[in-house]
Amino acid sequence: MRVLAEVHRCDGYPVNWPDQPDAWLSQASPLGAWVAEHSGRLVGHVGLSRGGEGDLAPGLWSEQSGTSKDLTAVVSRLFVAPQARGHGIGAVLIGQAVAEARRRGLHPVLDVVASDRAAAALYERLGWELLATVEQRWSPSQTVTIHCYAAAS
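The model shown is predicted, which means the values in this text are computed figures rather than measured ones.

**Q** Hey, could you run me through the overall build of the protein chain in this one?
**A** Summing up its helical and strand segments, the protein chain has five helices and six strands in all. Helices and strands in the protein chain line up, N terminus first, as α-α-β-β-α-β-α-β-α-β-β. Compactness check: the protein chain gives a C-alpha radius of gyration of 15 Å against a globular reference of 15 Å for 153 residues, within 12% of the reference. Counting only C-alpha atoms, the protein chain reaches 45 × 40 × 25 Å along its principal axes. When burial is assessed residue by residue, the protein chain has 47% of its 153 residues classed as buried. In the protein chain, once contacts between residues fewer than 6 apart in sequence are set aside, the share between residues at least 24 apart is 60%. About 8,100 Å² of surface is accessible on the protein chain, with carbon and sulfur atoms providing 50% of the total.

Okay, here's the thing in structure tokens:
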């Protein structure tokens, strides 16, 4: 929770701080979750799950590829501690999640808030394809712009 709190203070991720951060981290990762260490300290996290309510990328990928959204896995909850960036940790975490998705015969997809430009730049550097940019209502008073990505085939 310490690393997630640091990322939230520095980058505003997650956009809305969860009431129970530990439950937020674990709820979306039934296919797997990985952490990264650097110099003996926990510095990052990523999860892999089936698409759920609110995940846009699985449906978009399904429409564009002509296959079932049940054949997707959602990469989520990716974050790296600010002091540990620049060492390729985010790419390693994403690589682990992608490898697990492919091992299960699933296509990796993800949604990212458009204001998180660093994350979007990382996905694009890694060859992820932008499926669409859409507006999503998170609450009656909050609408956010979301980029939806799919890993390259």
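**Q** What should I look at first to understand the pairing of strand E1 (residues 32-38) in this one?
**A** Two faces make up the sheet, and in a regular strand the side chains alternate between them. Note: E1 against strand E2 (residues 41-49), seven bridges, orientation antiparallel. Note that in E2 the partner of Glu-37 across the bridge is Leu-42.

**Q** Just checking my understanding: could you explain the sheet that holds strand E4 (residues 107-113) for this structure?
**A** Consider a sheet: its strands pair through backbone hydrogen bonds, and that pairing is either parallel or antiparallel. Ordered in space as E1-E2-E3-E4-E6-E5, the six strands form an open sheet in which the pairing is mixed. Looking at the sheet topology across the chains shown, the edges are occupied by E1 and strand E5 (129-139). Each neighbouring strand pair of the sheet contributes to a mean axis angle of 25 degrees, computed without reference to strand direction. Across five bridges, the pairing between E4 and strand E6 (residues 142-150) is antiparallel. Along E6, the bridge assignment pairs Val-109 with Ala-150.

Conventions we followed
Residues numbered from 1 in each chain as written. Predicted model: local features only at pLDDT ≥ 70, side-chain atom pairs only at ≥ 80, totals over all residues. Heavy atoms only, no water. Helix = DSSP H or I, 4+ residues; strand = E, 2+ residues; numbered from the N terminus. Rg over C-alpha atoms; globule rule 2.2 N^0.38 Å. Buried < 20%, exposed > 50% of the residue type's maximum accessible area, 1.4 Å probe, protein only. Contact = heavy atoms within 4.5 Å. Areas by Shrake-Rupley, 256 points an atom, 1.4 Å probe, with all protein chains shown as cover. Pairing = 2+ DSSP bridges. Axes fitted to C-alpha atoms, helices over the stretch in contact; angles between N-to-C directions.

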